[in-house]
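Coordinates in review
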Amino acid sequence: MKKRVIPLAVLVAVCICHCKKEDPASSPLKQLKNYSFDAALPLEKRLFDPPSLVVESWRKFDGRDDYAPHRLSGRERIIFARNLKRLPPLNRIVLEERLIGFYFIDNFLGSAVADWVLDENEKLHFYIIFNPKILTMSLSEVLTWRERSCFIPDEGFSVEVDCGSGHDGILYALLHETTHVVDYTLRLTPFVEKEMVPVLHVSEEPTEFVRGIWEDVGTTVAPYAYRKDLTFYGLGGGPKLHLSDAEKIYREFCGSPFVSLYGSMTWAEDIADMVTFYHLTEKMNLPYRVRLSKGKDELFRCEPMKKEAVRKRLAYLDMFYF
């Protein structure tokens, strides 16, 4: 499996550069003229079959010959539509102006990915690909799947993420990916790949959200030891960490300003998960607990949204709700 190189966010929740680094906007995949885009179309109507350009590009990029367009059933469309309505107001506003379409691809790695496209005036637009598998999973099941993918299994050990019951797994992907779109559009974090700085004419200066926490896109100001060798969904040559060693990692995570291990990888994932779990817990009143156990014994439990270092950062998120 080829390792993905990440521009919009590390691993699968990100926008990927499929072209030469010296001219990342030259690929047909990155040019809006090769898509059908209608800004007047309601978001609920922008659920399309993925264009062949998108499917073929991602097949090649991920080294997969089993990627195929997924035709949603009537029930799957209902699930998607009801969760689309739950997005923060700012996410919806940005999507209405910038989103080309929502696509589903069978056998896609991970849960979802957002990717950028430029028009003739170098204005950013986006599409989002989802793995249809998450339409069959609950919110807690999808987040547990993501968490477990970080670790090599060890007999008797288990980790799970509890966000309650009765909510769909697609909600996580919608919140996370659409926040990437907002971030990249409004520059809530400075940049994701340095070669994109001259292409998108962005500043490398720290923004309010990253200042004092991030030194660079993937480097924290403080050396959080638990962040070493974090990978998810089998990407990046992972998993590299044994689940039997996870207790130390989680206990160090407790003292960090991050809301998830996934969010600690880059500043782009940081804000995407911060908005996601803020929305789930503060706006939807859902729990968010991470539990590590060995057999019947609980080794660790954490409610990351209750951490003091996380609570100090939440005022920044008011902009998503006006």
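Here is a short report on the structure shown in this document. (Residues numbered from 1 in each chain as written. Predicted model: local features only at pLDDT ≥ 70, side-chain atom pairs only at ≥ 80, totals over all residues. Heavy atoms only, no water.)

**Here we look at the sheet that holds strand E11 (residues 297-302)**
Strand order across the open sheet formed by 3 strands is E6-E10-E11, with antiparallel pairing between neighbours. Looking at the sheet topology across the chains shown, the edges are occupied by strand E6 (157-162) and E11. Adjacent strand axes in the sheet meet at a mean angle of 20 degrees, parallel and antiparallel pairs treated alike. Two elements, strand E10 (residues 289-294) and E11, share 5 bridges in a ladder whose sense is antiparallel. Bridging from a neighbouring strand, Leu292 pairs with Phe300 of E11. Contacts from helix H7 (residues 246-253) reach E6, E10 and E11 within the one sheet, and its direction differs from that of E11 by about 25 degrees. (Pairing = 2+ DSSP bridges. Helix = DSSP H or I, 4+ residues; strand = E, 2+ residues; numbered from the N terminus. Axes fitted to C-alpha atoms, helices over the stretch in contact; angles between N-to-C directions. Contact = heavy atoms within 4.5 Å.)

**Describing the nonpolar core**
Formed by 93 residues in total, the largest nonpolar core has its most connected members in Phe80, Phe102, Phe130, Phe151, Ile170, Tyr250 and Leu280. By residue number, the principal contributor to this core is helix H5 (residues 170-186), which donates 9 residues. Discounting residues that sit within four places of it in the chain, Phe151 has contacts with Pro239, Leu241, His242, Leu243, Ala246, Ile249, Tyr250 and Leu261. (Core = buried A, V, L, I, M, F, W, Y, C linked by side-chain atoms within 4.5 Å. Buried < 20%, exposed > 50% of the residue type's maximum accessible area, 1.4 Å probe, protein only.)

**Concerning the pairing of strand E3 (residues 112-118)**
In terms of residue burial, E3 counts as a mostly covered element, since 7 of its 7 residues are buried. Going residue by residue along E3, you find Ala112, Ala114, Trp116 and Leu118 tucked away on one face and Val113, Asp115 and Val117 tucked away on the opposite face as well. Pairing of E3 with strand E4 (residues 124-130) involves 7 bridges; the strand directions are antiparallel. Residue pairing for E4: Asp115 is matched across the bridge by Tyr127.

**Considering the pattern of salt bridges**
Inspection of every chain in the model, using the stated rule, returns 19 salt bridges. Between Arg291 and Asp162 there is a salt bridge, and its shortest N-O distance comes to 3.9 Å. Here the residue Arg291 occupies a position in strand E10, and Asp162 occupies one in strand E6, the gap between them amounting to 129 residues. Of the two residues, Arg291 and Asp162, neither departs from the other in class, the shared state being buried. The partner of Asp270 in a salt bridge is Arg313, with the nearest N and O atoms 2.8 Å apart. Note that Asp270 is positioned in helix H8 (residues 267-283) and Arg313 in the segment after helix H9 (308-311), a separation of 43 residues in sequence. Take Asp270 and Arg313: they sit in the same class, and that class is buried. (Salt bridge = Lys/Arg side-chain N within 4 Å of Asp/Glu carboxyl O.)

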